[in-house]
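Here is what each chain is made of, one letter per residue.
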4 protein chains.
Amino acid sequence: MKLAVIYDSKTGNTKQAAEWIAEGMNLAEGAEARTFAIGEVDENFVAQSQGIVIGSPSYCALMTADMRTWLLTKAGKLGLGGKLGGAFATEQYTHGGAELVIQSILTNELVFGMLCYSGGASQGKPVIHMGPIGVNGNVESHNGMEHYRDYFRVYGERFARKALELFS
Amino acid sequence: MKLAVIYDSKTGNTKQAAEWIAEGMNLAEGAEARTFAIGEVDENFVAQSQGIVIGSPSYCALMTADMRTWLLTKAGKLGLGGKLGGAFATEQYTHGGAELVIQSILTNELVFGMLCYSGGASQGKPVIHMGPIGVNGNVESHNGMEHYRDYFRVYGERFARKALELFS
Amino acid sequence: MKLAVIYDSKTGNTKQAAEWIAEGMNLAEGAEARTFAIGEVDENFVAQSQGIVIGSPSYCALMTADMRTWLLTKAGKLGLGGKLGGAFATEQYTHGGAELVIQSILTNELVFGMLCYSGGASQGKPVIHMGPIGVNGNVESHNGMEHYRDYFRVYGERFARKALELFS
Amino acid sequence: MKLAVIYDSKTGNTKQAAEWIAEGMNLAEGAEARTFAIGEVDENFVAQSQGIVIGSPSYCALMTADMRTWLLTKAGKLGLGGKLGGAFATEQYTHGGAELVIQSILTNELVFGMLCYSGGASQGKPVIHMGPIGVNGNVESHNGMEHYRDYFRVYGERFARKALELFS
């Protein structure tokens, strides 16, 4: 089953997070996950995918303008209705708006007719509330993307297993 | 297939909306929808339901305190993970916060591990973005719940058809 | 005291709303309010303004991509910190996402260091929760921008009076 | 100038955060800050306060039910309109919903007619987007409230200075 992780990344942190999610997805037998920067999306692959996870860094507590533009001009034409949808984000501060980015991506996915899923508390610990977040180490010395690696991977695996359960 | 619509209602508007949603659900062949006020939830019926839609009036742009309490103390114990989840709301002004109520209910459903679904734009018109909203006629003379009846019904029917498609 | 209403508008509804807000503002003695489309902002006027209200139509329950781009690339350079900030939105359906648009604009304004203000319930009726919303009549036959005219005007007047009270 | 920090706390983390905010406030000359658990609010002190900061832990990505109840039943009667308003939150995971808690508190404050303020990026680094967040060390071993102490203090000081500037 094809699964796509689509992201905007300016410095590499969100790209890294996308790759960890795809790694987690590929742990689920039967999953074939790929990652795409928004400028290089393989639309055939996405059209055939049963699950799509979308991510952006937080810019002033909102998604990037490029991601916003992509969601409106491209994503709406990809026939996402009925697919499983997820979201993730990165930020420079723990209070930097990544949860709001995730919530707005999920809202957009709902408007596309997607089934939004995070696993939440239903899969045991770690609880992943709406989606995984990574705080890079640019500003907060105690932080860094590596702390969040397992969250991205476990989220990817849970997401893939749910897609396989629903659509196989 | 059992489907539950659970609501808090103070003046009857949200109860009315819940009943319209259940009417719409029951138009889908194979659906058995029931409505419950939060104080009178049949927990067996909910446990057997494949889809749950939760609604609240907007109080200061947030769900009621009773609904918040119910979600935390009761809903978390109902094993909602994996079920289809939806949300609706009512308000006294068009700008009165109902969309925020819906968004916060859906966020809570995600944390419970539910699959959130509204149909969005994928089912043609009317587009129902995150969930249906009714503005009662208490304050805005041009408004009234009857204007919103078809939204609640079509939302209920779409939700039920998706649950039947996913889980039958 | 200068006050600016800045908007993105595709069909004229949001422009109309902006003009009603400015009309309301100009009812407050001492206020000099002007409206600007995002492509035609008089940056000197904005820099001298003590209050800024920003509005967008809802596109898939988010602000337009143009407004998102403008907020990130232009607004951040306008030195908005410490100014009074407000927001408004328009939508095609009552459940169409305008409240989410307002909330995300206000969040962005907070990140710019603005003082966000709507008046809320503190000024009597009509209560204007986060900001005024207009539902145009393109889709909902019972709706139309004219229904919302007074909300925009009263919001504008309250906003201007608060700016005058704080900064005169 | 009196300033109040009001919180709900179950395990002590949010209480600790409140105290750090008050410490920061009291660094501003002329400020007299006190903290109150929601069950022990000195309503006279709050009525005389020019700025109020409200905080809650994240429970399933929303404020606690006790805080929700307090906001609706008590805060609305405290005459908060026109006061400076802020918010903060704590959580167990970096993705645990604290930003959503802050956003919903600020929304409620807007509905009360408050002036919401965080300082954002306008005061230099650290940028504090909507309000400070602490991730306790219960689950994430690399985390712990101590990492966030300075954020709470600097936020409190900035908030107090703004209140003094506006209302002295």
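Each chain has its residues counted from 1, running along the sequence as written. By the order in which they are written, chains take letters starting at A while ligands take numbers starting at 1. The predicted nature of this model means local features are confined to residues of pLDDT at least 70 and side-chain atom pairs, given and counted, to a pLDDT of 80 or more, with totals for whole chains, interfaces and linings taken over all residues. With hydrogens and water set aside, each side-chain value is computed from the structure's full complement of heavy atoms.

**Student:** Kindly report on the overall build of chain A, identifying the contributing residues and their values.
**Tutor:** In this description a helix means any DSSP run of H or I spanning at least four residues, a strand means any run of E spanning at least two, and both kinds are numbered starting from the N terminus. Tallying secondary structure elements over chain A gives five helices and six strands in all. Element order for chain A, N to C, with α for helix and β for strand: β-α-β-α-β-α-β-α-β-β-α. Whereas a compact globule of 168 residues would reach a radius of gyration of roughly 15 Å, chain A reaches 14 Å, a difference of no more than 12%. Dimensions of chain A along its principal axes, counting C-alpha atoms only, are 45 × 35 × 25 Å. For every residue, the accessible area (1.4 Å probe, protein chains only) is compared with the maximum for its type, and the residue is labelled buried under 20%, exposed over 50%, or partly exposed between those bounds. The buried share of chain A, taken over its 168 residues, is 65%. Of all intrachain contacts in chain A linking residues separated by at least 6 positions in sequence, the fraction that spans at least 24 positions is 75%. Here the open area of atoms and residues is found with the Shrake-Rupley method and a 1.4 Å probe, where only the protein chains shown may cover a residue. Here chain A has roughly 5300 Å² of accessible surface; of this, 43% comes from carbon and sulfur atoms. Of the charged side chains in chain A, 14 are positive and 17 negative; the average position of the first set lies 4 Å away from that of the second. Here the globule rule reads 2.2 Å times residues to the power 0.38, and the radius of gyration is calculated from C-alpha atoms. Whether two residues touch is decided by their heavy atoms; if any such pair falls within 4.5 Å, the residues are in contact. Charge assignment: positive for Lys and Arg, negative for Asp and Glu; neither His nor the chain ends contribute. A charge is said to be at NZ when it belongs to Lys, at CZ for Arg, at CG for Asp and at CD for Glu.

**Student:** If you had to explain the interface of chain D and chain A to someone new, which residues and values would you point to?
**Tutor:** With 26 residues of chain D at the contact, the number on the chain A side is 26 residues. Summed over both partners, the accessible area lost on bringing two parts together, with a 1.4 Å probe, is the buried area. Interface of chain D and chain A: buried area, both sides summed, is about 2300 Å²; carbon and sulfur atoms make up 60% of it. On the chain D side of the interface with chain A, the three residues burying the most area are His95, Glu99 and His129 of chain D, jointly 31% of the side's total. When a carboxyl oxygen of Asp or Glu is within 4 Å of a side-chain nitrogen of Lys or Arg, the pair counts as a salt bridge. Here chain D and chain A share zero salt bridges between them. Looking at the side of chain D that touches chain A, the elements with two or more residues in it are α4 (98-111) and β6 (133-135) of chain D. Broken down by element, the side of chain D that touches chain A gets its largest block of residues, four residues, from α4 of chain D. All residues other than Ala, Val, Leu, Ile, Met, Phe, Trp, Tyr, Cys, Pro, Asp, Glu, Lys and Arg, Gly among them, are scored as polar; the first ten of these are nonpolar and the last four charged. When the residues that make up the side of chain D that touches chain A are grouped by side-chain class, the tally is twelve nonpolar, ten polar and four charged.

**Student:** An account of the relation of the copies chain B and chain A is needed here, citing residue identities and associated values.
**Tutor:** The fit set for superposing copies consists of C-alpha atoms from residues with pLDDT of at least 70 in both; the fit itself is least squares. For the pair chain B and chain A, the relating rotation is 180°, the translation along its axis is 0.0 Å, and the fit reaches an RMSD of 0.0 Å. Expressed as an axis order, the relation between the two copies is that of a two-fold axis. For chain B, the minimum C-alpha distance to the rotation axis belongs to cysteine 116 of chain B and amounts to 2.5 Å. When you check the interface residues of chain B against chain A, 100% turn up at the interface there too, and the contact is symmetric in its surfaces.

**Student:** Go over the pattern of salt bridges, please, and point to the residues and values.
**Tutor:** Residues and elements named next belong to chain B. Evaluation of the coordinates by the stated rule reveals 36 salt bridges over all chains. Between glutamate 165 and lysine 162 there is a salt bridge, with the nearest N and O atoms lying 3.4 Å from each other. Placement of the pair is glutamate 165 and lysine 162 together in helix α5 (residues 149-167), with a separation of three residues, close to one helical turn. On the accessibility criterion, glutamate 165 (57% relative accessible area) is exposed. For lysine 162, a relative accessible area of 7% gives the class buried.

**Student:** Quick one: what's the story with the relation of the copies chain D and chain A, residue by residue and with numbers?
**Tutor:** Once turned by 180° and shifted 0.0 Å along the axis, chain D lies on chain A with an RMSD of 0.0 Å. Comparing interface residues between copies, 100% of those in chain D also lie at the interface in chain A; the contact surface is shared.

**Student:** Can you break down the interface of chain B and chain A residue by residue, with the values?
**Tutor:** On the side of chain A, 24 residues touch chain B, which itself brings 24 residues to the contact. The contact between chain B and chain A buries some 1700 Å² in all, and 68% of this surface belongs to carbon and sulfur atoms. Broken down residue by residue, the surface that chain B buries against chain A is led by Leu110, Val111 and Leu115 of chain B, which jointly contribute 31%. Applying the counting criterion to the chain B and chain A interface returns zero salt bridges. We call two N or O atoms a polar contact when they sit within 3.5 Å, provided that within protein one can donate a hydrogen and the other can accept it, with sequence-adjacent residues counted only if both atoms are side-chain atoms. There are seven residue pairs in polar contact (both at pLDDT 80 or more) connecting chain B and chain A. Those elements giving two or more residues to the side of chain B that touches chain A turn out to be α4 (98-111), β5 (115-116) and α5 of chain B.

**Student:** An account of the environment of methionine 25 of chain A is requested, with residue identities and associated values reported.
**Tutor:** Take methionine 25 of chain A: it is sitting in helix α1 (residues 13-26). What methionine 25 of chain A contacts, discounting residues up to four positions off in sequence, is Leu3, Val5, Ala31, Ala33, Val53, Gly156, Glu157, Phe159 and Ala160 of chain A.

**Student:** Residues and numbers for the pairing of strand β2 (residues 32-37) of chain D, please.
**Tutor:** Residues and elements named next belong to chain D. As paired elements, strand β1 (residues 2-7) and β2 share six bridges and run parallel to each other. By the bridge assignment, isoleucine 6 is partnered in β2 with phenylalanine 36. Whether a crossover is right-handed depends on one test, that the path from the first strand over the helix to the second runs clockwise when the strands point away from the viewer. Handedness of the crossover is the feature at issue here: the chain leaves β1, passes through helix α1 (residues 13-26), returns alongside β2, and the resulting connection is right-handed. Two strands are counted as paired when DSSP detects at least two bridges linking them.

**Student:** Describe the pairing of strand β4 (residues 84-91) of chain B, and please don't skip the residues or the numbers.
**Tutor:** Residues and elements named next belong to chain B. Among the eight residues that make up β4, eight are buried, leaving the element largely enclosed by the rest of the structure. Every second residue of β4 is oriented toward a common face, with Leu84, Gly86, Phe88 and Thr90 on one face and Gly85, Ala87, Ala89 and Glu91 on the other, all of them buried. Where β4 and β5 come together, two bridges link them in parallel fashion. The residue bridging leucine 84 from the neighbouring strand is leucine 115, located in β5.

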